[in-house]
Amino acid sequence: MGLSCTHAVPEYIRLIAAGRYDDAYMINWTSNVFPGVLGRTCDRPCEPACRRGRVEDHNQEKPEPVAICRLKRVAADSKNDIRERLPKPPSQGNGKRVACIGAGPASLTVARDLAPLGYEVTIFDQDPRAGGMIRSQIPRFRLPEDVIDEEVGYVIDTGVEFRGGVRINSMAKLLGEGFDAIFVGTGAPRGRDLDLPGRKEAAKNIHIGIDWLSSVSFGHIDKVGKRVIVLGGGNTAMDCCRTARRLGGEDVKVVVRSGFEEMKASPWEKEDAMHEGIPILNFLVPKEFVHDDGKLTGVVFEKVQAVYDARGRRQLVPTGDPDEHFECDDVLVAVGQENAFSWIERDCGIEFNDWGMPVVDETTLQSSLPGVLFGGDAAFGPKNIIWAVAHGHEAAISIDRLCHDEDTADRPPPLVNLVSQKMGIHEWTYDNDISNDLRHKVPLREQKIALKNINVEVELGFDQKLAFDEAQRCLNCDVQTVFSSPLCIECDACVDICPMDCITFTEDGEEEELRGRLNAPAENPLQDLYVAGALKTGRIMVKDEDVCLHCGLCAERCPTGAWDMRKFLLHMTPAGQGCRDRK
Amino acid sequence: MTYISKPKLRHPHLKTNKFGFTHRDYEGAVSTLCAGCGHDSISAAIIQACFELDLPPHRIAKLSGIGCSSKTPTYFLGNSHGFNSVHGRMPSVLTGANLANRDLIYLGISGDGDSASIGLGQFAHSLRRGVNMVYIVENNGVYGLTKGQFSATSDRGSKSKKGATNRDSAIDMVMLAMELGATYVARGFSGDKAQLVPLIKGAIVHRGAAFIDCISPCIAFNNHPGSTKGFDYVREHNEAVNRLDVMSPRETITVDYQAGEVEEVTQHDGSVLRLRKLSEEYDVHDRVAAMHHLQKSKAAGEIVTGVLHVDREPDDLHANLNTLTAPFNKLTEKELCPGSPALEKFNASHR
Ligand SMILES: Cc1cc2nc3c(=O)[nH]c(=O)nc-3n(C[C@H](O)[C@H](O)[C@H](O)COP(=O)(O)OP(=O)(O)OC[C@H]3O[C@@H](n4cnc5c(N)ncnc54)[C@H](O)[C@@H]3O)c2cc1C
Ligand SMILES: Cc1ncc(C[n+]2csc(CCOP(=O)(O)OP(=O)(O)O)c2C)c(N)n1
Ligand code: SF4
Ligand code: SF4
Ligand code: SF4
Ligand SMILES: [Mg+2]
């Protein structure tokens with residue numbers, strides 16, 4: 001399963017550079033449903049793949065990918081009213097009923113894909129308002145409520161019935177209600193606890209981080225002690241510590257078992273926390289909650305170090321140094337989440353594995369009961385919003401095919417298109433000039449103001465000028481160099497002009513050996529070489545795509561048009577007519 | 001021409017030379033020549049040669065005349081000295097510059113029109129005087145810049161793009177250069193950089209008049225079936241008589257060849273030209289025999305390439321004129337104005 005958001009990245013970045021924010025937003029909305037939310041919170045699985053980071057290697061002090069995620073937000077912030085362009089509830093239904101349990105991003109995506117097709121979709125959530133953990137967990141200083149309201153609203157307005165405050169307590173009962181399909185998008189709600197000496201006695205000041213965050217979100221908690229210890233090294237821990245800073249925590253620290261590098265939290269989450277004066281202490285394993293007659297006073301930690309065994313596996317072993325004791329008033333435990341499906345009767349036909357997780361097909365997302373599907377954090381454990389959306393799309397396709405008596409294992413192929421971008425001898429449909437800018441930083445709100453109010457968003461987002469500059473860093477990777485051997489006269493013009501020494505004309509050979517004797521060595525084995533033969537001199541053309549800038553200079557300097565720049569378009573086929581068998 | 005300049009970004013792992021430069025540090029402005037022009041490949045070969053020889057860019061002077069070929073110095077060695085002279089006059093400007101400052105490396109870039117038509121006389125005298133320089137004629141058989149008229153190197157019987165036949169006989173620049181006493185003579189082809197880069201390096205390390213006739217197809221006006229300077233024609237008729245490797249003084253000689261196959265010619269600065277023979281009979285030191293071979297091959301319709309002649313004991317203009325060893329800009333007032341007694345003495349010697 002791929003991420004639907006990644007295919008059109010350069011396309012919408014170009015639209016943002018062109019100031020066409022509405023169009024950029026709609027491309028995003030179609031593929032990832034929550035551009036405004038994701039533009040602030042996405043885990044950015046696409047950025048490590050961005051070529052910009054590779055081509056800046058040894059050219060700039062700190063090579064960095066394009067700020068893809070933050071550009072998405074610009075489209076959301078700067079667009080006009082796009083409601084006219086959203087699908088309307090159909091005037092006639094198709095008679096099929098779908099239930100979604102949980103109103104997180106996974107369920108909302110299923111609903112958005114199916115409701116406009118005529119499905120009668122009902123979403124149930126125990127919380128009064130839709131959004132799932134987007135609403136209940138992600139703190140407001142990262143994601144303002146009006147952004148959630150707007151984008152969740154767009155989904156509901158496609159004709160979805162939302163039943164808030166309704167907890168589903170029995171799968172068996174729901175199965176009896178005649179739905180054509182049931183989608184389980186209940187997330188991974190339970191935070192893992194730490195069963196250490198003193199846990200019970202000092203319970204009043206020890207909180208499960210994830211529950212604590214949602215209590216803060218809903219306004220049940222609005223302060224915390226002056227000295228706070230956050231246990232755990234993931235993104236939840238980062239949200240906990242930054243939230244604590246805003247609720248009265250002055251001496252807030254994060255304590256982690258592992259080393260700094262191995263922490264699960266994204267590098268920028270760690271940076272943001274440290275930027276707010278929160279130290280991160282590593283290689284300390286909690287041993288005991290110390291209390292004074294039930295009143296928490298601190299935590300004792302054992303010092304460990306990483307040791308690698310013969311097979312290269314890491315183990316944390318005590319260093320033998322004396323234990324460390326840190327005083328504190330509150331502890332937030334953010335050491336992971338557990339799945340809980342107590343409400344699914346184990347005899348209703350849904351198989352579970354030894355870890356208490358449902359057995360789910362990774363492609364179709366169906367459980368062993370074909371009409372019951374799982375997605376988002378409920379399917380394979382906690383991940384992130386963009387994966388929940390991806391699951392939602394795939395589940396919608398499965399449901400659509402299921403409801404049309406078609407095999408769900410047959411997945412619709414994506415639509416592929418390759419179009420020349422040439423407009424004149426040296427003119428292209430895209431701006432082929434290469435920017436030398438370094439990644440632009442997102443402006444932040446002044447810390448004095450940011451730390452005072454938990455509801456004040458920290459990131460201000462790129463303004464349109466910064467967005468343009470950042471967008472210009474994009475290398476238009478969807479516009480690809482295409483070579484045609486019969487046209488080539490081997491004049492070397494493309495070789496001479498290529499700024500990255502990508503192109504070599506040489507004698508044929510085995511790939512391994514070939515990689516070493518190109519004009520510049522092809523060092524990324526994950527990147528296939530582009531090879532074309534049948535040249536007049538008997539040589540072959542080899543192009544190493546790895547650091548190609550897509551500047552189009554090879555095509556501009558080619559006298560015969562043997563190189564062309566063609567835009568590769570990949571449309572993921574959504575649920576609906578296109579995903580079904582042709583009859 | 002392209003509208004954008006060549007991006008600054010470069011391959012993350014390019015080789016660097018003694019100065020820490022990559023080959024890209026020897027580039028110039030982006031070319032405005034026609035896409036595919038052979039001249040651009042020669043520029044790229046010059047860049048590569050200077051990079052490989054660890055030349056400091058500020059010690060090189062590029063001079064040229066008029067023509068597409070003569071425009072190219074703008075497109076390489078952007079940090080070197082440059083002088084774009086009038087049509088056919090590059091050799092005399094270069095000679096003057098060389099006399100004034102013998103410490104620079106001189107690259108004379110010209111075309112077949114620039115050197116074989118309007119500049120033929122200048123070409124001839126710079127070679128016969130033995131000016132220490134690299135003289136490259138980017139030979140496409142036409143006046144490219146003025147839209148493709150036959151030039152003086154165009155072969156008799158070859159056809160223009162429009163179909164007209166050339167009735168005049170051709171000047172062979174290599175034969176002329178040998179006749180005139182150039183001490184390093186080579187012919188290359190813009191479409192074969194593996195051969196061309198060493199030829200240029202050899203010419204640079206050679207102290208004396210080094211001449212390279214480089215066939216360089218004019219994509220716009222002389223790369224059609226009736227041409228004898230197009231890619232296909234040159235590839236079909238190319239007869240390389242040797243392969244050259246240029247070893248810098250600090251490179252130890254590691255490869256062993258069988259005697260007879262390889263010949264080494266040590267240059268003034270200690271560099272070694274290592275020639276691997278491809279033609280048994282061709283002897284680069286025997287000027288008369290070499291000229292004979294060249295004539296025979298030409299009659300057979302072949303284009304001979306490679307190092308065609310090297311003088312083991314080259315002379316140069318400065319040696320012949322017995323000039324000062326210091327360049328003018330290093331001379332102080334004391335040397336330049338030696339005073340009345342010196343003038344007296346000088347005048348007396350003429351009485
Ligand atoms: C503190 C924190 C911060 C995070 N930050 C980010 C971030 O910055 N970026 C990112 O991409 N991801 C982030 N995540 C992860 C992200 O929120 C989740 O991966 C995502 O929301 C999962 O979506 P989902 O659709 O699977 O379900 P969820 O969003 O978990 O929603 C599930 C919903 O189902 C409801 N529900 C559960 N059981 C029942 C039932 N029996 N009956 C009715 N309703 C039920 C719940 O009330 C909940 O509303 C964060 C998570 C946490 C905990
Ligand atoms: C004195 C003078 N006469 C004529 C011209 C016109 N002219 C410009 S370039 C050129 C010929 C150039 O031919 P060549 O040296 O072969 O260069 P190419 O463009 O083919 O590389 C001529 C005749 C001129 N610029 N100056
Ligand atoms: S587009 Fe062509 S010239 Fe530009 S970097 Fe890629 S291969 Fe080189
Ligand atoms: S520029 Fe075009 S014709 Fe020339 S070598 Fe490259 S692909 Fe071939
Ligand atoms: S006219 Fe001919 S010589 Fe001049 S730039 Fe064009 S191809 Fe090159
Ligand atoms: Mg010419």
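Throughout, a residue's number is its position along its own chain's written sequence, starting from 1. Here chains are named by letter from A upward and ligands by number from 1 upward, in the order in which they appear as written. Thresholds applied to this predicted model are a pLDDT of at least 70 for local features of residues and 80 or more for the giving and counting of side-chain atom pairs; totals over whole chains, interfaces and linings are not thresholded and use all residues. Note that water and hydrogens are dropped before the side-chain values are worked out from all heavy atoms of the structure.

Draft legend 1. The coordination of the magnesium ion (ligand 6), seen in detail. Residues and elements named next belong to chain B. Donors, by definition, are the N, O and S atoms found within 2.8 Å of a metal, the threshold being 3.2 Å for Na, K and Ca, and water is not counted, so a site can look incomplete. Coordination of the magnesium ion (ligand 6) by the protein involves D112 (OD), N140 (OD1) and V142 (O), with metal-donor separations of 2.1 to 2.2 Å. Look at where the donors of the magnesium ion (ligand 6) fall in the sequence and you get D-x27-N-x1-V. With D112 in helix α4 (residues 112-117) and N140 in the loop between β4 (133-139) and β5 (142-143), the pair connects residues that are 28 residues apart, well separated along the chain. To sort residues, take the accessible area from a 1.4 Å probe on protein chains only and compare it with the maximum for the residue type: under 20% means buried, over 50% means exposed, and anything in between is partly exposed. Under the relative-accessibility criterion, D112 is labelled buried at 2%. Numbered from the N terminus, helices here are DSSP runs of H or I no shorter than four residues, and strands are runs of E no shorter than two.

Draft legend 2. Expanded view of the packing of helix α10 (residues 209-217) of chain A against helix α11 (residues 235-246) of chain A. All names here are of chain A. Note on method: axes are straight lines fitted to C-alpha atoms, helices fitted across the in-contact stretch only, with angles between N-to-C directions ranging 0 to 180 degrees. At a minimum axis distance of 10 Å, the contact between α10 and α11 shows a crossing angle of 45°. Judged by the inter-axis angle, α10 sits oblique to α11. Crossing handedness for the pair α10 and α11: left-handed. On the side of α10, the interface is formed by G209, I210, W212, L213 and V216, while α11 contributes T236, D239, C240, T243 and A244. Between 65 and 115 degrees an angle is taken as roughly perpendicular, under 35 as roughly parallel, over 145 as roughly antiparallel, and anywhere else as oblique. Whether a crossing is left-handed or right-handed is set by the direction in which the near helix is turned from the far one by less than a right angle, anticlockwise for left-handed and clockwise for right-handed. Residue contacts are defined here by distance: any two heavy atoms, one from each residue, within 4.5 Å place the two residues in contact.

Draft legend 3. Geometry of the site of ligand 3. If even one non-hydrogen atom of a residue comes within 4 Å of a molecule or strand, that residue is called near it. Residues in contact with ligand 3 amount to 13 residues; listed here are only the nearest, C498, C548, L549, C551 and C554 of chain A. For the shell around ligand 3, a count of residues per class yields nine nonpolar, three polar and one charged. All residues other than Ala, Val, Leu, Ile, Met, Phe, Trp, Tyr, Cys, Pro, Asp, Glu, Lys and Arg, Gly among them, are scored as polar; the first ten of these are nonpolar and the last four charged.

Draft legend 4. Focus on the interface of chain B and chain A. Contacts between the two partners involve 31 residues from chain B and, on the opposite side, 37 residues from chain A. Throughout, buried area stands for the accessible area (probe radius 1.4 Å) lost by two parts on being put together, summed over both. Among the residues of chain B in contact with chain A, I4, L9 and H11 of chain B are the three that bury the most area, contributing 24% of the side total. Any carboxyl oxygen of Asp or Glu within 4 Å of a side-chain nitrogen of Lys or Arg constitutes a salt bridge here. Summed over the shared surface of chain B and chain A, the result is four salt bridges. As a salt-bridge pair, D40 of chain B and R557 of chain A come within 2.6 Å of each other at their nearest N and O atoms. For the purposes of these results, a polar contact is taken to be a pair of N or O atoms within 3.5 Å, where, inside protein, one atom must be able to donate a hydrogen and its partner to accept one; residues adjacent in sequence count only when each atom of the pair is a side-chain atom. On inspection of chain B and its partner chain A, the count reaches 17 residue pairs in polar contact (both at pLDDT 80 or more). Broken down by secondary-structure element, the contributors of at least two residues to the side of chain B that touches chain A are α1 (38-52) and α8 (231-237) of chain B. Its residues assigned to classes, the side of chain B that touches chain A shows 14 nonpolar, nine polar and eight charged.

Draft legend 5. Spatial organisation of the pattern of salt bridges. All names here are of chain A. Applying the stated criterion across every chain, the model contains 63 salt bridges over all chains. Taking the shortest distance from any N to any O, the salt bridge between R439 and E47 comes out at 3.2 Å. Of this pair, R439 sits in the loop between β19 (427-428) and α15 (447-450) while E47 sits in the loop between α3 (35-41) and α4 (51-55); the two residues are 392 residues apart in sequence, bridging distant segments of the chain. Ionic pairing is found between R52 and E56, a salt bridge with its closest N-O pair at 2.7 Å. Neither residue differs from the other here; R52 and E56 are each classed as buried. Through salt bridges with shared partners, a single network forms among E11, R14, D478 and K567.

Draft legend 6. Expanded view of the sheet that holds strand β17 (residues 415-420) of chain A. Residue and element names in this part refer to chain A. DSSP bridges decide pairing: two strands pair if at least two such bridges lie between them. Taken together, the three strands give an open sheet; going across it, the order is β17-β24-β20, and neighbouring strands pair in antiparallel fashion. Only two strands of the sheet have a single neighbouring strand rather than two, namely β17 and β20 (479-483). Here the average twist between neighbouring strands, direction ignored, is 40°.

Draft legend 7. Structural context of unusual backbone geometry. Residues and elements named next belong to chain A. Of note in this structure, F283 is not a glycine but carries a positive phi near 60°. With respect to the helices, strands and loops of the structure, F283 is situated in the loop between β9 (280-281) and β10 (284-292). Exposure remark for F283: the relative accessible area of 28% places this residue in the partly exposed category. Positive phi is not limited to glycine here, since L365 has a value of about 65°. Take L365: it is sitting in the loop between β15 (337-338) and β16 (372-374).

Draft legend 8. Quick look at the packing of helix α3 (residues 90-100) of chain B against helix α5 (residues 120-128) of chain B. Residues and elements named next belong to chain B. Direction vectors running N to C along α3 and α5 enclose 35°, while the axes themselves pass 8 Å from each other. Contacts between α3 and α5 involve M90, P91, S92 and T95 from the former and Q122, F123 and S126 from the latter. A per-class count over the contact of α3 with α5 returns three nonpolar, four polar and no charged.

Draft legend 9. Quick peek at the side chain of S266 of chain A. Here S266 of chain A is to be found in the loop between β8 (251-255) and α12 (267-275). With a relative accessible area of 8%, S266 of chain A lands in the buried category.

Draft legend 10. Spotlight on the environment of D492 of chain A. Looking at where D492 of chain A falls in the secondary structure, it is placed in the loop between β20 and α17 (493-497). Accessibility expressed as a relative area gives 8% for D492 of chain A, which makes it buried. For the pair D492 of chain A and T504 of chain A, spaced 12 residues apart in the sequence, the C-alpha separation amounts to 8.8 Å. Leave out the neighbours within four places in its chain, and D492 of chain A touches F505 of chain A together with S41 and K193 of chain B.

Draft legend 11. Looking closely at the sheet that holds strand β10 (residues 242-247) of chain B. All names here are of chain B. Taken in spatial order, the three strands line up as β10-β12-β11 in an open sheet, and their pairing is antiparallel. Of all strands in the sheet, those with a lone pairing partner are β10 and β11 (262-266), marking the two edges. Direction aside, the axes of adjacent strands within the sheet are offset by 20° on average. Sitting on the sheet, helix α7 (residues 193-205) touches β10 and β12 (272-277), and the angle it makes with β10 is about 55°.

Draft legend 12. Up close: α10 of chain A. All names here are of chain A. Counting buried residues along α10, seven of its nine residues qualify, which places the element largely inside the surrounding structure. Here α10 has its buried residues at G209, I210, W212, L213, S214, S215 and V216. Against the buried residues of α10 lie α7 (133-136), β5 (190-191), β6 (206-208), α11, β14 (330-333) and β15. Count one or two residues on from α10 and you reach G219, which has phi positive near 85°.

Draft legend 13. Molecular detail of the state of the cysteines. Residue and element names in this part refer to chain A. Count a disulfide wherever a pair of cysteine sulfur atoms falls within 2.5 Å. One pass over the full model with this rule turns up zero disulfides over all chains. Free cysteine: C50, not disulfide-bonded; nearest cysteine sulfur from C477 at 6.6 Å. According to the relative accessible area criterion, C50 is buried, its value standing at 14%.

Draft legend 14. Quick peek at the environment of F19 of chain B. All names here are of chain B. Checked against the element boundaries, F19 lands in the segment before α1. Placed 32 residues apart in sequence, F19 and F51 show a C-alpha to C-alpha distance of 9.5 Å. For F19, the contacting residues outside a window of four places in its chain are Y26, D54, L55 and P56.

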